[in-house]
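Coordinate inspection notes
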Amino acid sequence: MGEMNWMEVMASEALAGQILDANRYTRQYGLELHKEDTELLMKERTDVLKKERRVEFGPGILPRIIYTFCDSDYISQEDYCDTLVRLQEIFYLYKNEMMDEITDDELLEFMKEQFEGVCFGDLDYLERTCLDLFAQAIRAGYRGYAKSAGKGEFGKFDIAKRWDRELYLEALRDLCWR
């Protein structure tokens, strides 16, 4: 473990234990982290915390990310560990971008809702569009997310027109009747 201090060692051991515990739950979704994955996630956690200049005591947000996202249709065993690495990076980046105004639960709720809905599993769109727009609103003073716990918020800031079922059927009818 090199130059890790005793607090980092304890946090890493706690994180490894929580990841193994989470495997019992995530297996029902066909997802499991192995020892090498756990080691990579712990290293990435340390790196991103240093990069984002954040301090955490205990295992941090990763176990909550695992439980929040494990039932996603957009995560498979092949990309599970890499997706967790990115979600962890995105989480810490946007905690800073939102100046810690939003709670962990609100941010996770917002991330999951956009990942499943608007983003269709696209982490780049989640990071560079959905979270960026939401962070801009929060920095500008928006606090409406507190009432909704982060649910249903993106539509208030989304600048892209989206197709919904009714709009699609209407356009189809227009094309067919011409």
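Look up: the structure comes first, before these words.
Anyway, here's the lowdown on the structure attached to this text. (Residues numbered from 1 in each chain as written. Predicted model: local features only at pLDDT ≥ 70, side-chain atom pairs only at ≥ 80, totals over all residues. Heavy atoms only, no water.)

Some words on the packing of aromatic side chains
- Enumeration over the complete set of coordinates arrives at 7 aromatic pairs.
- Between the aromatic rings of F69 and F115, the centroid separation amounts to 5.5 Å while the plane-to-plane angle is 80 degrees, which identifies the pairing as edge-to-face. In this pair, F69 sits in helix α3 (residues 62–69) while F115 sits in helix α5 (residues 104–116), placing the two residues 46 residues apart along the sequence.
- Judged by its relative accessible area of 1%, F69 is buried.
- Pairing Y74 with F115 gives two aromatic rings, centres 6.2 Å apart and planes at 90 degrees, and the pair type is edge-to-face. (Phe/Tyr/Trp six-rings, centres within 6.5 Å; stacked < 30°, edge-to-face > 60°. Helix = DSSP H or I, 4+ residues; strand = E, 2+ residues; numbered from the N terminus. Buried < 20%, exposed > 50% of the residue type's maximum accessible area, 1.4 Å probe, protein only.)

What to know about unusual backbone geometry
- Its identity as a non-glycine residue notwithstanding, D100 has a phi of 55 degrees, on the positive side.
- One can find D100 in the loop between α4 (80–97) and α5.
- Backbone geometry places F120, a non-glycine residue, at a positive phi of 50 degrees.

Digging into the pattern of salt bridges
- Per the counting criterion, the structure on display carries 14 salt bridges.
- We note a salt bridge from D47 to K43, for which the minimum N-O separation is 2.6 Å. Placement of the pair is D47 and K43 together in helix α2 (residues 35–51), with a separation of 4 residues, close to one helical turn.
- Here D47 falls in the partly exposed class, since its relative accessible area comes to 33%.
- Among the salt bridges present, the one from E97 reaches R139, with a minimum N-O distance of 3.1 Å. With E97 in helix α4 and R139 in helix α6 (residues 123–139), this residue pair connects regions lying 42 residues apart in the sequence.
- The class of E97 is partly exposed, set by a relative accessible area of 31%. (Salt bridge = Lys/Arg side-chain N within 4 Å of Asp/Glu carboxyl O.)

Looking at the environment of E52
- Residue placement: E52 occurs in the loop between α2 and α3.
- Spatially, the C-alpha atoms of E52 and L93 are 6.4 Å apart, while their sequence positions differ by 41 residues.
- Apart from residues no more than four positions distant in its own chain, E52 is found in contact with Y92, L93 and N96. (Contact = heavy atoms within 4.5 Å.)

Some words on the nonpolar core
- Core analysis: the biggest nonpolar cluster contains 44 residues, and M98, M111, L126 and L131 have the highest contact counts within it.
- Secondary-structure elements contributing two or more residues to this core are α1 (6–26), α2, α3, α4, α5 and α6.
- Among the elements that make up this core, the one with the highest residue count is α4 (9 residues).
- Once you skip the residues sitting within four places of it in the chain, M111 turns out to touch F69, L87, I90, F91, L126 and L131. (Core = buried A, V, L, I, M, F, W, Y, C linked by side-chain atoms within 4.5 Å.)

Structural notes on the packing of α2 against α4
- Running from N to C, α2 and α4 point in directions that differ by 20 degrees, and their axes come no closer than 10 Å. Considered as vectors, α2 and α4 are oriented roughly parallel to each other. Crossing of α2 against α4: the hand is right-handed. Note on element contacts: α4 touches α2 through C81, L84, V85, Q88, E89 and Y92, opposite D37, L40, L41, E44, R45, V48 and L49.
- Taken together, the residues of the contact of α2 with α4 sort by class into 8 nonpolar, 1 polar and 4 charged. (Axes fitted to C-alpha atoms, helices over the stretch in contact; angles between N-to-C directions. Parallel < 35°, antiparallel > 145°, perpendicular 65-115°, else oblique. Left-handed = near helix turned anticlockwise from the far one by under 90°. Nonpolar A, V, L, I, M, F, W, Y, C, P; charged D, E, K, R; others polar.)

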